[in-house]
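# A look at the structure
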Amino acid sequence: MALHAHVHDAIVIGAGIQGSSTAYQLAIRGQDTLLLEQFDGLHTRGSSHGASRITRMAYDRYHYAEMMKEAFPMWNEIERKSGRQLFIPTGFLAVDIPGSDGQTVVECVLKRDNIPMEALDKEELRSRYPMLRYNTKMKGIMERFGGVLLADRALQSMQELFVQNGGTLRTNEQVVSVEPGDIVTVKTEKSTYKAHKLVLTVGTNSVT
């Protein structure tokens, strides 16, 4: 097992979308960052794989809506820097029982932040989306900023930009132990690394 005497500013364990975006943000801020992934960079065992994910402003939690105010401009930046389309604007339709707690909060969040939306009653839902069948009591909220995020392409772009900004990505290298301290020691199956800071962004396939 190789021992690296170099001490990184930060090590990020887990190169899914959370880990890769964290590592990218560290790298563009001048931090010497190592990103470790136990599988391939674009594997299918985590939460970040696949063709697409929905994204929107219409959440029933205020803190998520606040986060999305920052997230949309960030995705625009990643699109511009990578030269790839990562987001397809389609709008987002939320359907629920009128007056439900979730829908009431979603509507309040969108109105509070002046986010374009449209409330659809059962007749409007039936007319606009005849291919869908809803309970007669259902109500819809159409949010204009929502759409489809191209998940695999987004993850690949984030990892590439991380490396382009001086980051080091090591895939197929499973972490076997972490030794805390003023200098953190991370041991993998292949090597030993050291850093001043450690960020864990591991998924359900991590070994405890």
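These remarks concern the structure in this document. The structure presented is a predicted model; accordingly, all values stated were derived computationally and were not measured. (Residues numbered from 1 in each chain as written. Predicted model: local features only at pLDDT ≥ 70, side-chain atom pairs only at ≥ 80, totals over all residues. Heavy atoms only, no water.)

### Focus on the packing of helix 1 (residues 17-28) against helix 5 (residues 151-164)
The cut-off we apply is this: Comment: axis = line fitted to C-alpha atoms, over the contacting stretch for helices; angle = value between 0 and 180 degrees taken between N-to-C directions. Helix and strand assignments follow DSSP, with helices taken as H or I runs no shorter than four residues and strands as E runs no shorter than two, numbered in order from the N terminus. Between 65 and 115 degrees an angle is taken as roughly perpendicular, under 35 as roughly parallel, over 145 as roughly antiparallel, and anywhere else as oblique. Handedness of a crossing is defined here by the sense of rotation of the near helix relative to the far one, left-handed for an anticlockwise turn of less than a right angle and right-handed for a clockwise turn. Whether two residues touch is decided by their heavy atoms; if any such pair falls within 4.5 Å, the residues are in contact.
Where helix 1 meets helix 5, the closest approach of the two axes is 9 Å, and the angle between their N-to-C directions is 30 degrees. Between helix 1 and helix 5, the interaxial angle falls into the category roughly parallel. For the pair helix 1 and helix 5, the crossing hand works out as left-handed. Contact with helix 1, carried on its side by Ile-17, Ser-20, Ser-21, Ala-23, Tyr-24 and Ala-27, involves Ala-154, Leu-155, Met-158, Gln-159, Leu-161 and Phe-162 of helix 5 and no other residues of that element.

### Remarks on the sheet that holds strand 3 (residues 53-55)
Just so we agree on the cut-off: Between any two strands, at least two bridges found by DSSP are needed for them to pair.
Pairing is antiparallel across the open sheet formed by three strands, whose spatial order is 3-8-4. Across the chains shown, the open sheet's two edge strands, defined by having one partner strand only, are strand 3 and strand 4 (87-89). Each adjacent strand pair in this sheet contributes to an overall mean axis angle of 30 degrees, direction not counted. Where strand 4 meets strand 8 (residues 147-149), three bridges bridge the pair, whose relative direction is antiparallel. Bridging from a neighbouring strand, Ile-88 pairs with Val-148 of strand 8.

### Here's the deal with the nonpolar core
Note the following rule: By nonpolar core is meant a set of buried Ala, Val, Leu, Ile, Met, Phe, Trp, Tyr and Cys residues that side-chain atoms within 4.5 Å join together. Exposure categories follow from relative accessible area, calculated using a 1.4 Å probe and restricted to protein chains: below 20% of the type maximum is buried, above 50% is exposed, and the middle band is partly exposed.
Formed by 28 residues in total, the largest nonpolar core has its most connected members in Trp-75, Ile-78 and Leu-110. Elements represented by at least two residues in this core include exactly strand 1 (2-13), helix 1, helix 2 (62-82), helix 3 (101-112) and helix 5. When residues of this core are assigned to their parent elements, the largest contribution, five residues, is made by helix 2. With residues near it in sequence (within four places) discarded, Trp-75 still touches Ile-17, Leu-86, Leu-149, Ala-154 and Met-158. Ranked by size, the runner-up nonpolar core spans eight residues in total, among them Ile-13, Leu-36, Val-186 and Ala-195.

### Let's talk about the pairing of strand 2 (residues 33-36)
Neither face of strand 2 is open: one carries Thr-33 and Leu-35, the other Leu-34 and Leu-36, and all of them are buried. Two elements, strand 2 and strand 9 (residues 168-170), share three bridges in a ladder whose sense is parallel. Residue pairing in the sheet places Leu-35 in a bridge with Leu-169 of strand 9.

### Comments concerning the packing of helix 1 against helix 2
Note the threshold: All amino acids are sorted into three groups, where Ala, Val, Leu, Ile, Met, Phe, Trp, Tyr, Cys and Pro are nonpolar, Asp, Glu, Lys and Arg are charged, and the leftover types, Gly among them, are polar.
Look at helix 1 against helix 2: their axes get within 14 Å of each other, and the N-to-C directions meet at 75 degrees. Here helix 2 runs roughly perpendicular to helix 1, going by the angle between their axes. On helix 2, the residues touching Ile-17, Tyr-24 and Gln-25 of helix 1 are Met-74, Trp-75, Glu-77, Ile-78 and Lys-81. A breakdown of the residues in the contact of helix 1 with helix 2 according to their chemical character gives five nonpolar, one polar and two charged.

### Observations regarding the packing of aromatic side chains
Rules: Any pair of Phe, Tyr and Trp rings, taking the six-membered ring for Trp, is counted once the centres come within 6.5 Å. Such a pair is stacked with planes under 30 degrees apart, edge-to-face with planes over 60 apart, and tilted for the rest.
If you walk through the whole model with that rule in mind, you get two aromatic pairs. Plain terms: the ring middles of Tyr-59 and Tyr-64 are 5.3 Å apart, the flat faces sit at 50 degrees to each other, and that makes the pair tilted. Among the residues examined, Tyr-59 registers a relative accessible area of 16% and is labelled buried. Tyr-64 sits in the partly exposed class, given a relative accessible area of 39%. An angle of 80 degrees between the planes, with centres 5.6 Å apart, marks the rings of Phe-72 and Phe-87 as edge-to-face. Of this pair, Phe-72 sits in helix 2 while Phe-87 sits in strand 4, placing them 15 residues apart in sequence.

### Section: the sheet that holds strand 6 (residues 117-120)
A sheet is described by the order of its strands in space; here three strands give the open sequence 5-7-6, paired in antiparallel fashion. Taken across any chain shown, the strands that pair with only one partner, and hence form the sheet edges, are strand 5 (92-96) and strand 6. Neighbour to neighbour, the strand axes of the sheet diverge by 20 degrees on average, direction disregarded. Judged from the four bridges that link them, strand 6 and strand 7 (residues 139-143) form a sheet pairing that is antiparallel. Each bridged residue has a counterpart across the sheet, and for Glu-118 the counterpart in strand 7 is Met-142. In this fold helix 3 packs onto strand 5, strand 6 and strand 7, with an angle of close to 30 degrees to the strand it touches most, strand 7.

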